[in-house]
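The primary structure of each chain is shown beneath.
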Amino acid sequence: MRKTPKFLAGLALAMALPGHAATADDLKVATTFTVIADMVRNVAGAHAEVVSITRPGAEIHGYSPTPRDLVAVQDADLIVWNGLNLELWFEQFLGNLDDVPSVRISEGIDPIPISAGSYEGLPNPHAWMSADNAMVYVDNIRDALSDIDPDNAAAYAENAERYKQRIADTIDPLRAAIATIPEDQRWLVTCEGAFSYLARDFGLQEAYLWPMNADQTGTPQQVRAVIDTVRANDVPAVFCESTVNTDPARQVARETGARYGGVLYVDSLSETDGPVPTYLELLRVTTETVVAGLTGEGS
Ligand SMILES: [Zn+2]
């Protein structure tokens, strides 16, 4: 992480003011998308204002930042981003900011390579869909916050431990629910190949229409290949994500007789009054939708 003159100047000023804790209540943390904004909020607690550059429901890979986005984060103390080629727009965006420190929270995870398309061989960016990786994300957030705000390091450490326990408590029953599905029906067929980490952790076989939303999406060849996979393996259901066009997945369902299992959440939270206002709800709703789709319960 870069430490900047802006930050040091701010720290010196804050320390010079009697009765004013160095940074408490004054931190502003920006994130590139809503999922990691929620993670940062859980670790920061009351000690930071957290904003997401992209809005709930936004397509985040090929997002086009606006001048207003730049203005909104110019005064941030830290920008948290995913990396692994998720936010293709971010490095240019960061370059247009005046020395705002940034941290890449996927640092230290074990990436799964993308197996097709123009991103073949590059790491799959959707690492937050693995609980083990989420623990790494939380530790990286804790360390980044503690670096810029050491006075509250103990609070960040405590919040991080509590949040990691909640992630584990959320994942364990979901893993158990997946295990109730007959093994030959444990397939996760989606629009984007965004579930490689989830599929690996939960023992699901994976197929998808396109590897990355930033690539070609829903070509006739992609649709035909998934139709073949669904037919050959008698896959019970296909799914699609909240941030993309669901028509190609519905076409696969129609042509194969598989169930259309509904919408999965991966790249974005919903609005606060929607179905997945938090990361933990995103994991829970997505996994429960998969179980319900594959077993035919709730449809
Ligand atoms: Zn994605």
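Residues numbered from 1 in each chain as written. Predicted model: local features only at pLDDT ≥ 70, side-chain atom pairs only at ≥ 80, totals over all residues.

### Observations regarding the overall build of the chain
Reasoning step 1: Scanning the chain for helices and strands turns up 10 helices and eight strands.
Reasoning step 2: Taken over C-alpha atoms, the radius of gyration comes to 20 Å for the chain, in line with the 19 Å a tight globule of 299 residues would show.
Reasoning step 3: Overall, the C-alpha framework of the chain stretches about 70 × 35 × 35 Å when taken along its three principal axes.
Reasoning step 4: Evaluated residue by residue, the chain yields a buried proportion of 44% over its 299 residues.
Reasoning step 5: When contacts within the chain are restricted to residue pairs at least 6 apart in sequence, those whose partners lie at least 24 apart make up 61%. (Helix = DSSP H or I, 4+ residues; strand = E, 2+ residues; numbered from the N terminus. Rg over C-alpha atoms; globule rule 2.2 N^0.38 Å. Buried ≥ 20, exposed ≤ 12 C-beta atoms within 10 Å, placed from the backbone. Contact = placed C-beta atoms within 7 Å.)

### Points about the nonpolar core
Reasoning step 1: Counting 86 residues, the largest nonpolar core has Val40, Val43, Val80, Ile141 and Val238 as its most contacted members.
Reasoning step 2: In terms of residue count, helix α5 (residues 131-148) provides more of this core than any other element does, eight residues in total.
Reasoning step 3: The two domains that each donate at least three residues to this core are domain 1 (5-172) and domain 2 (180-295).
Reasoning step 4: Excluding residues within four positions of it along the chain, Val43 makes contact with Val138, Ile141, Arg142, Leu145, Tyr156, Asn159, Ala160 and Tyr163. (Core = buried A, V, L, I, M, F, W, Y, C linked by C-beta atoms within 7 Å. Domains from an automatic or database assignment.)

### Some points on the packing of helix α6 (residues 153-179) against helix α10 (residues 279-295)
Reasoning step 1: The geometry of α6 relative to α10 is characterised by a closest axis approach of 10 Å and an angle of 5° between their N-to-C directions. Put simply, α6 runs roughly parallel to α10. Taking contact as the criterion, the partners of Arg166, Ile167, Thr170, Ile171, Leu174, Ala177 and Ile178 in α6 are, on α10, Leu280, Leu283, Arg284, Thr287 and Val291.
Reasoning step 2: Along the lines of polarity and charge, the residues of the contact of α6 with α10 split into eight nonpolar, two polar and two charged. (Axes fitted to C-alpha atoms, helices over the stretch in contact; angles between N-to-C directions. Parallel < 35°, antiparallel > 145°, perpendicular 65-115°, else oblique. Nonpolar A, V, L, I, M, F, W, Y, C, P; charged D, E, K, R; others polar.)

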